[in-house]
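Working through the structure, step by step
The lines below spell out each chain.
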Amino acid sequence: MQQIPAKQIPVQIHNPGQKNGKIYVRLTSGLFQNLRRLISGSMMLMFFGTAWINLDGHQIVLFDFFSRRIHLFGLQLSPQDLFLLAGFMIVGAVLLFAMAMAYSRIWCGFACPQSIWSWIFIRIEDMTEGSRNKRIKRDMQGLNIGNLLRRIIKHSLWLVVATATAITFIGYFVPIREIATDILNAEMSLEMFSWILIFALLTYVNAGLTREKVCLHMCPYARFQSVMFDEDTRVVSYNSDRGEPRAKPGAKPGTQSSTTASTSTITKSFTTTETIAETKSGDCVDCHLCVHVCPTGIDIRHGLQADCIACGACIDVCDQVMTKLKRPTGLIRFISANQEADNKSALIRPRLIGYLAAILLISGYLGWEFSQREALIVDISKDRQFLYQHNSQGQLCNDYQMIIENLAIISDTLNISVEDKRFILFGSDKIKTKQGQREEYRYRICTEHATGLPPRTDLQFLISNAEKTWRAQSTFIAPR
Ligand code: SF4
Ligand code: SF4
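Worth saying up front: this structure is predicted, and the values here are computed from it rather than measured.

Brief notes about the state of the cysteines
This structure, assessed with the given rule, holds one disulfide. Disulfide partner of Cys 397: Cys 446, at an S-S distance of 2.1 Å. Taking the torsion about the S-S bond as the criterion, the Cys 397 to Cys 446 disulfide, at about 110°, is right-handed. Taken together, the positions of Cys 397 in strand 12 (residues 396-406) and Cys 446 in strand 16 (residues 438-447) put the pair 49 residues apart, joining distant regions of the chain. On the basis of relative accessible area, Cys 446 is assigned to the buried category, the value being 0%.

Listed below in structure tokens is the structure:
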């Protein structure tokens, strides 16, 4: 088969899976669908389950922006650690490049949330309105009582899934148990209600109504995938050398199929497992099942297309057809251009090794940075209300606010002092701290040695435990 060079992947050739502007996806089963369900099922379980797991009194994953704290599997991250999250996002992006280079858009087909939720919504549609053919028939019948009821049930179930998704998603930013309690006691704030409504509607529209249009028109990944592809990238590809010319089972030798034949006739003919007469026709029986199962409605027999999300549904259904016809499977398969040309193709190649090396290097650097981060973050700010003032003993004084964030010290007592002995500290000189605590303290620093002090003197606050001393710098202001 002449494969379309990777750099020239057409944005869209054809969208034959559409009927009246709508794609009616037929569900299928097989190796890739089982793999996809396993991956998406595990990801769903993680998404809906993780939010409910607590560790040391905190939700195991919580982006608590109100408290300026991120809880991540027992780690406490502060806004200063956001570079770690940025780093992990870069690692994720490079991993995506590596996956795309090795196996095209398998992320989109197997693990992208847009696809996972779309498949759930398609499954609900299939349960409530019936299989593809029934859905087409029902749409042609228009709205009768039965169809209306089915539609109401479908949209209600979609809304239930969308609302559960929205609550869980927000539960990673506000403790989910608090949201659940508010819902059960009907005490939800208008703000929280609005956020849940917005995210539920987004899920409902994305997975239920716009579905593949998000992948085709909104997702930038499809547009720049050709940059990552090369001649060794495994893509979903139809073997036209073997498949063409197309012919219906039992057709006279050399007879080409009409593309308008009904699928039900073909499907029926598979069940008879009729022996196919020796024919010059190709193996494709033009049953259109590969088009019917495609979530983006494309016909992969037209060649590689940017709209293909590499979900493997067409491979599974075509393998079923071939098996029923007692022909070899693999008429549609994951294959690279080089494999097709000479059967030799390296999956591991220099650019892929480069991506993997980049992932290892960035991860290693992040791990090292994380191990070096301070266990305690101290922030001192000078009170701006008064530059300076005198106390009842005539000492010159400045006021300060100290914020101590304990990121990694197990419960401990910290000693607070100032380095310069000309200054006296008023306020708690011993404070108790617990891991994950963020506390504010107020201090007054005074001196009896105001005469001769410059207008600005550097002031070092010392915060220490038995093992270590942390320093935080501020300034003492004196009259000019
Ligand atoms: S499923 Fe296979 S046999 Fe049927 S039309 Fe597609 S490629 Fe041809
Ligand atoms: S062409 Fe095949 S692999 Fe690509 S999106 Fe359609 S069904 Fe999935």
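Continuing now.
So, a nonpolar patch on the surface
A cluster of nonpolar side chains, Leu 190, Phe 193, Leu 197 and Leu 201, forms an exposed patch at the surface whose accessible area comes to about 420 Å². Inspection of the secondary structure assignment puts Leu 197 in helix 8 (residues 190-210). By relative accessible area, which is 43% here, Leu 197 ends up partly exposed.

Side note on the pairing of strand 16
For strand 12 and strand 16, the ladder comprises 10 bridges, and the chain directions are antiparallel. In the strand pairing of strand 16, Asp 399 is matched with Arg 444. Note: strand 14 (residues 423-426) against strand 16, four bridges, orientation antiparallel. Directly across from Leu 425, in strand 16, lies its bridge partner Ile 445.

A short note on the sheet that holds strand 18 (residues 469-477)
Note on sheets: strands pair through backbone hydrogen bonds, and any given pair is parallel or antiparallel. Spatial strand order, 15-13-17-18: four strands in an open sheet with antiparallel pairing. Looking at strand neighbours, the two that pair on one side only are strand 15 (430-433) and strand 18, the edges of this open sheet. With strand direction ignored, the average angle separating the axes of adjacent strands in the sheet is 25°. Here strand 17 (residues 456-464) runs beside strand 18; their pairing, made up of nine bridges, is antiparallel. Bridge pairing in strand 18 links Gln 460 to Gln 473.

Quick look at the site of ligand 2
Neighbouring residues of ligand 2: 13 residues in total, closest Cys 294, Cys 308, Ile 309, Cys 311 and Cys 314. In terms of residue class, the shell around ligand 2 is made up of 11 nonpolar, two polar and no charged.

Quick notes on the nonpolar core
Ranked by internal contacts, the top residues of the largest apolar core, which has 76 residues, are Trp 117, Val 236, Cys 314 and Ile 332. If you tally residues by element for this core, the top one is helix 2 (residues 82-103), at eight residues. Other than its neighbours up to four places away in sequence, Cys 314 contacts Val 236, Cys 290, Val 293, Ile 300 and Ile 332. If you look at the next biggest cluster of nonpolar residues, it comprises 25 residues, including Leu 396, Val 418, Phe 423 and Phe 476.

Describing the site of ligand 1
Lining the immediate surroundings of ligand 1 are Tyr 238, Cys 284, Val 285, Asp 286, Cys 287, His 288, Cys 290, Arg 301, Cys 318, Met 322, Leu 331 and Ile 332. Classifying every residue of the shell around ligand 1 by side-chain character gives nine nonpolar, one polar and two charged.

Structural notes on the UniProt feature "transmembrane region" (unreviewed entry) in the protein chain
The UniProt record marks residues 38-55, 82-103, 157-176, 188-209 and 352-368 with the feature "transmembrane region" (unreviewed entry), using the residue numbering of this structure. In residues 38-55, the share of helix is 72% and the share of strand is 11%. The end C-alpha atoms are 27 Å apart. In the segment residues 188-209, helix accounts for 91% and strand for 0%; the C-alpha atoms at its two ends are 28 Å apart.

Definitions and limits used
- Residues numbered from 1 in each chain as written.
- Chains lettered and ligands numbered in written order.
- Predicted model: local features only at pLDDT ≥ 70, side-chain atom pairs only at ≥ 80, totals over all residues.
- Heavy atoms only, no water.
- Disulfide = S-S within 2.5 Å.
- Helix = DSSP H or I, 4+ residues; strand = E, 2+ residues; numbered from the N terminus.
- Buried < 20%, exposed > 50% of the residue type's maximum accessible area, 1.4 Å probe, protein only.
- Patch = residues over 30% accessible without salt bridge, like charges linked within 9 Å, V, L, I, M, F, W, Y side chains within 5 Å.
- Areas by Shrake-Rupley, 256 points an atom, 1.4 Å probe, with all protein chains shown as cover.
- Salt bridge = Lys/Arg side-chain N within 4 Å of Asp/Glu carboxyl O.
- Pairing = 2+ DSSP bridges.
- Axes fitted to C-alpha atoms, helices over the stretch in contact; angles between N-to-C directions.
- Near = heavy atom within 4 Å.
- Nonpolar A, V, L, I, M, F, W, Y, C, P; charged D, E, K, R; others polar.
- Core = buried A, V, L, I, M, F, W, Y, C linked by side-chain atoms within 4.5 Å.
- Contact = heavy atoms within 4.5 Å.
- UniProt positions renumbered as here; feature names shortened; annotations may be inferred.

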